[in-house]
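# Descriptive structure summary
Chain residues, written in single-letter form:
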Amino acid sequence: MTNPAQPNQPDRVEHRMERTYEVAARPEQVWEAIATADGISAWMVPTRLDPQIGGEVSFDLGEFQSTGVVTDYTPNTRFAYEEPWPIADHAEAIPAGMVEWFNSIGVSLSEVYSDLAAVTPIATEFLVESVSGGSCVIRVVTSAYGNGADWENEFFAEMTAGVIAMLDTLATHFHEAA
């Protein structure tokens, strides 16, 4: 089946997670927390960031690094980046935990590598909006497109569950700072 808008492209399945938080902070304070290496490291995981469009963002997830590229860096308004699906270019470079996960769901790495040609990078954006009373709304959207393979759906669901837990920590970070 193909996409009628793009006849040479197969149908794409959208993977999407969106969260919204209202926090008692000014846009500058939110920006410091979501768009600087020290700020992200304080509530998420150790992070390196080159704060400019085209700059590198890298998250230390323990067993592996997830490295992407900054796609928007509009101070106090929007921070966005794209990361590849965290599957190494070579099977021997895939973290053992990831290999175990694929084995646990009965998916071969050759199937995963075949499907990777159909997936887009995982895009994440943080949008900051000032609201009355000195607070802000932070909207976070993470999305990717793929072919809808079972492993892809399970992986995105598990990944976003972990991301939601980290984002909840971000919201708590502002309540503790108040």
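Before reading further, recall that the structure is shown in the block above.
Here we summarise the structure given alongside this text. (Residues numbered from 1 in each chain as written. Predicted model: local features only at pLDDT ≥ 70, side-chain atom pairs only at ≥ 80, totals over all residues. Heavy atoms only, no water.)

The subject of this paragraph is the pattern of salt bridges. Applying the stated criterion across every chain yields a total of 8 salt bridges. Close ionic contact of Glu-18 with Arg-139 constitutes a salt bridge, the shortest N to O distance being 3.3 Å. Pair noted here: Glu-18 is in strand S3 (residues 13-23) and Arg-139 is in strand S9 (residues 135-146), with a separation of 121 residues, a long-range link. A relative accessible area of 30% places Arg-139 in the partly exposed class. Among the salt bridges present, the one from Arg-26 reaches Glu-28, with a minimum N-O distance of 3.7 Å. (Salt bridge = Lys/Arg side-chain N within 4 Å of Asp/Glu carboxyl O. Helix = DSSP H or I, 4+ residues; strand = E, 2+ residues; numbered from the N terminus. Buried < 20%, exposed > 50% of the residue type's maximum accessible area, 1.4 Å probe, protein only.)

Let us now look at the pairing of strand S6 (residues 65-74). As defined by bridge partners, strand S5 (residues 56-60) adjoins S6 across 5 bridges and the pair is classed as antiparallel. Each residue of the ladder has a partner; that of Ser-58, found in S6, is Thr-67. Joining the antiparallel neighbours S6 and strand S7 (residues 78-83) is a turn of 3 residues, in which Asn-76 adopts a positive phi near 65°. (Pairing = 2+ DSSP bridges.)

Strand order across the open sheet formed by 7 strands is S3-S9-S8-S7-S6-S5-S4, with antiparallel pairing between neighbours. Strand pairing shows two members of the sheet lacking a second neighbour, S3 and strand S4 (47-49), which therefore form its edges. Strand-to-strand, the axes of this sheet are offset by a mean angle of 20°, without reference to chain direction. In this sheet, S7 lies alongside S6 in antiparallel orientation, the contact comprising 5 bridges. Within S7, the residue paired with Tyr-73 across the bridge is Phe-79. Contacts from helix H1 (residues 27-34) reach S3, S6, S7, strand S8 (122-131) and S9, with the element oriented near 160° to S8. (Axes fitted to C-alpha atoms, helices over the stretch in contact; angles between N-to-C directions. Contact = heavy atoms within 4.5 Å.)

Attention shifts here to the environment of Trp-43. Tracing the sequence through the fold places Trp-43 in helix H2 (residues 37-43). Note on Trp-43: relative accessible area 4%, which makes it buried. Taking C-alpha positions, Trp-43 is 9.9 Å from Phe-174, a pair spaced 131 residues apart along the chain. When near neighbours in sequence (up to four residues on either side) are disregarded, Trp-43 contacts Ala-33, Phe-126, Met-166, Leu-167, Thr-169, Leu-170 and His-173.

Below, the discussion takes up helix H3 (residues 96-104). Along H3, the residues classified as buried are Met-98, Trp-101 and Phe-102. All buried residues of H3 fall inside an arc of 95° around its axis, so they share one side. Opposite the buried face of H3, at more than 90 degrees from it, the exposed residues are Glu-100, Asn-103 and Ser-104. Immediately downstream of H3, the backbone of Gly-106 shows phi near 70°, a positive value. (Arc of directions from axis to C-beta.)

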